[in-house]
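Each chain is listed here by its residues.
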Amino acid sequence: MDMQLYLKNRHQFPHDALQTYAGQHVAWSPDGTRIIASADDPLKLVAAIDALGFDSSEVVIEPVPYPDEIVLGAGL
């Protein structure tokens with residue numbers, strides 16, 4: 001996985017499009033251009049990633065907070 005490419009593309013993903021996944025976990029394509037799967041349970045998300053034929057070690061899984069949710073700690 002090319003992390004620089006992933007981060008470049010991930011930062012360009014539209015915020016409004018990401019908010020449609022609020023309260024869920026999402027799996028990003030290895031290049032960070034798209035969300036390949038989502039689920040409210042991380043274990044279900046890993047199963048979906050595997051079912052799609054992706055290597056779960058090559059994708060980034062990220063929780064998407066609700067718009068009014070405060071997230072403490074480091075972030076993108």
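Our structure is the block above this text.
Within each chain, residues carry numbers counting from 1 in the order of the written sequence. In keeping with the predicted nature of the model, local features appear solely for residues at pLDDT of at least 70, side-chain atom pairs appear and are counted solely at 80 or more, and the whole-chain, interface and lining totals rest on all residues. Excluding hydrogens and water, the side-chain values take into account all heavy atoms of the structure.

Visitor: Mind laying out the overall build of the protein chain, listing which residues take part and the relevant values?
Guide: If you tally the helices and strands in the protein chain, you get three helices and three strands. Each helix and strand of the protein chain, ordered N terminal to C terminal, gives the series α-α-β-β-α-β. Its C-alpha atoms put the protein chain at 35 × 25 × 20 Å along the principal axes. Only protein chains enter the calculation, and the probe is 1.4 Å; a residue is then buried if its accessible area is under 20% of its type maximum, exposed if over 50%, and partly exposed in between. Buried residues in the protein chain amount to 29% of all 76 residues. Here, two residues are considered to be in contact whenever any of their heavy atoms come within 4.5 Å of each other. Across the protein chain, contacts joining residues at least 24 apart in sequence account for 45% of those joining residues at least 6 apart. Throughout, the Shrake-Rupley method with a 1.4 Å probe supplies accessible areas, and for residues the shown protein chains are the sole cover considered. If you sum the accessible surface of the protein chain, you get close to 5000 Å²; carbon and sulfur atoms cover 56% of it. A gap of 5 Å separates the mean positions of the 4 positive and 11 negative side-chain charges of the protein chain. Runs of H or I in DSSP of at least four residues are treated as helices and runs of E of at least two as strands, each being numbered from the N terminus. In this tally Asp and Glu are treated as negative and Lys and Arg as positive; neither His nor the chain ends contributes. One atom stands in for each charge, and that atom is NZ of Lys, CZ of Arg, CG of Asp or CD of Glu.

Visitor: Tell me about helix α1 (residues 3–12), and please be specific about residues and values.
Guide: Those residues of α1 that sit buried are Y6, N9 and R10. Burial along α1 is one-sided: seen end-on, the buried residues are contained in an arc of 105 degrees. Opposite the buried face of α1, at more than 90 degrees from it, the exposed residues are Q4 and Q12. The inward-facing, buried residues of α1 abut α2 (15–19), β1 (25–28) and β3 (60–63). Identification of polar contacts relies on pairs of N or O atoms within 3.5 Å, with a donor-acceptor requirement for protein atoms, meaning one able to donate a hydrogen and the other able to accept it, and with residues adjacent in sequence counted only if both atoms are side-chain atoms. N-cap assignment for α1: the residue whose side-chain oxygen lies 3.2 Å from the backbone N of Q4 is D2. The arc in question is the one spanned by the directions pointing from the helix axis to the C-beta atoms.

Visitor: With reference to specific residues and values, describe the side chain of S29.
Guide: Examined against the element boundaries, S29 turns out to sit in the loop between β1 and β2 (35–39). Polar contacts involving the side chain of S29 include one to the main-chain amide nitrogen of T33, which spans 3.2 Å.

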